[in-house]
Amino acid sequence: HSGSMDHHYRSGAVQKLADQALGLAVNLDDDGEVPTVLFSSRAIPPVPVSLADHRGSVERMHAACPWGSTNYADAMQTVITHYCTSGAFDPALVMFQSDGNPNSRKEAERLLKEASHLPIFWAFIGFGEDLEFLRRLDTLRVGFGGRKVDNASLFETGRDPSVVTDEELYDGIVHEYPSWLEAARRAGVIR
C-alpha cells in the first residue's frame, strides 16, 4: 500500500488480482476464506475474504490501511505468525504482490530463509518493472547459509497487470509449486 501502487488501486488492477487469487485459492483452501494482508510501512492484521464478500474487498481494506513505504518484512512476519498460530499443518501458498523494492531488504531475506523451514511457499507477483529485489528473493541460494528448500517463485505481470489473463496468472503463481512440494517433503518441511 505504497504511494507507487495508487494507480493500480484506482485502475482496479489490485481488486482484479484479489478476485483472480480468490478463484485459485478456493480450489486449494479448505474453508473458502483467504486471509488477506495489506502492507505499507506496517502490515494490517489478516482480513478473511470469501466468495460471499469479495466484491469491493480491496477497497474496504484499502481504506483501513494508511499509505506508506514498502515493508516486506512486516508483511512476511504477519503471514508467518498467522500461519504458525492458526494450527495449520497443510502447505500454505502465499500470493505476495508488490510493485517495487522494499525498505527492509536484509530482514525480508532473513525471513524468507527462516520460512523455508515451514510449509509456506511464497508466490511473488510483481507489478511493473522495478522488481530487482523480488528477483533476488526468487533466486536466493538454497543450502548452507541459504534456504532449506526453494520456497519462492516470481511471476512478473508487466506494466499493465489488468491485462493478465486468469490462465497466465495461475500458471505464473503455481509454476514452481509442485517442485517445492516434492522438495519440501524430501527435506521434512512437509509431513
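About the criteria used
Along each chain, numbering runs from 1 in the same order as the chain's sequence is written. With the structure being a predicted model, the display of local features is reserved for residues of pLDDT at least 70 and the display and counting of side-chain atom pairs for 80 or more, all residues being used for whole-chain, interface and lining totals. Side-chain metrics rest on all non-hydrogen atoms present in the structure, leaving aside hydrogens and water. Per the convention used, a helix needs a DSSP run of H or I reaching at least four residues, while a strand needs a run of E reaching at least two, with both numbered from the N terminus. The globule rule used for comparison is 2.2 Å times the number of residues to the exponent 0.38, while the radius of gyration itself is calculated over C-alpha atoms. Each residue's exposure class comes from its accessible area (1.4 Å probe, protein chains only) as a fraction of the maximum for that residue type: buried when under 20%, exposed when over 50%, partly exposed otherwise. Whether two residues are in contact is decided by their heavy atoms: any pair within 4.5 Å suffices. All accessibility values rest on the Shrake-Rupley procedure with a 1.4 Å probe; residue burial counts only the protein chains present in the view. His is not counted, nor are the chain ends; Lys and Arg add positive charge and Asp and Glu add negative charge. For charged residues, the charge sits on one atom: NZ in Lys, CZ in Arg, CG in Asp, CD in Glu. The span expected for a helix works out to 1.5 Å for each residue beyond the first. Two strands pair under a simple rule: DSSP has to find at least two bridges between them. The crossover handedness rule: strands pointing away from the viewer, path from first strand over the helix to second strand clockwise, crossover right-handed. Exposure above 30% relative accessible area and no salt bridge define the residues that can form patches, which grow by joining like charges within 9 Å and nonpolar side chains of Val, Leu, Ile, Met, Phe, Trp and Tyr within 5 Å. Any carboxyl oxygen of Asp or Glu within 4 Å of a side-chain nitrogen of Lys or Arg constitutes a salt bridge here. Angles shown run from 0 to 180 degrees and are taken between the N-to-C directions of axes, each axis being a line fitted to C-alpha atoms and, for helices, limited to the stretch in contact. By the criterion applied in these results, polar contacts are pairs of N or O atoms within 3.5 Å in which, for protein atoms, one can donate a hydrogen and the other can accept it, and in which residues neighboring in sequence qualify only through two side-chain atoms.

What about the overall build of the protein?
- For the protein, the helix and strand inventory stands at eight helices and five strands.
- When the helices and strands of the protein are placed in sequence order, the string is α-α-β-β-α-α-β-α-β-α-β-α-α.
- Computed over C-alpha atoms, the radius of gyration of the protein comes to 16 Å, within 12% of the 16 Å expected from 2.2 N^0.38 for 191 residues, which places it in the range of a compact globule.
- C-alpha extents for the protein along the principal axes are approximately 45 × 35 × 30 Å.
- Counting the 191 residues in the protein, one finds 48% classified as buried.
- For the protein, long-range pairs separated by at least 24 residues make up 77% of all intrachain contacts whose partners lie at least 6 apart in sequence.
- On the protein, roughly 9,500 Å² of surface is accessible, and the fraction owed to carbon and sulfur atoms is 53%.
- Side chains of the protein carry 18 positive and 27 negative charges; the gap between the two charge centres is 8 Å.

Structural notes on helix H2 (residues 13-28)
- For H2, built from 16 residues, the straight-helix expectation of 22 Å at 1.5 Å per residue is met to within 8% by its first-to-last C-alpha distance of 23 Å.
- Within H2 the residues assigned to the buried category are Ala13, Val14, Gln15, Leu17, Gln20, Ala21, Leu22, Leu24 and Ala25.

Regarding the pairing of strand S3 (residues 92-98)
- The element S3 is extensively covered by neighbouring structure, given that six of its seven residues are classed as buried.
- Two strands pair when backbone bridges link them, and S3 and strand S4 (residues 120-127) are joined in this way by seven bridges, in the parallel orientation. Within S4, the position partnered with Ser98 by the bridge is Gly126.
- Crossover connection from S3 via helix H5 (residues 105-115) to parallel S4: handedness right-handed.

Brief notes about a negative patch on the surface
- A cluster of acidic side chains, namely Asp29, Asp30, Asp31, Glu33, Asp53 and Asp90, defines a negative patch on the protein surface.
- One can find Asp90 in the loop between helix H4 (72-86) and S3.
- By relative accessible area, which is 54% here, Asp90 ends up exposed.

What to know about the sheet that holds S3
- Taken in spatial order, the three strands of this open sheet run S3-S4-S5, and their pairing is parallel. Two strands in the sheet have a free side with no partner beyond their single neighbour: S3 and strand S5 (152-158). This sheet shows a mean twist of 20° between the axes of neighbouring strands, independent of strand direction.
- Sheet strands touched by helix H7 (residues 166-174): S3, S4 and S5. Its angle to S5, the strand with the most contacts, is close to 155°.

Focus on the side chain of Arg147
- Mapped onto the secondary structure, Arg147 falls in the loop between helix H6 (132-138) and S5.
- For Arg147, a relative accessible area of 1% corresponds to the buried category.
- Here the side chain of Arg147 touches Asp150 through a polar contact of 3.1 Å, side chain to side chain.

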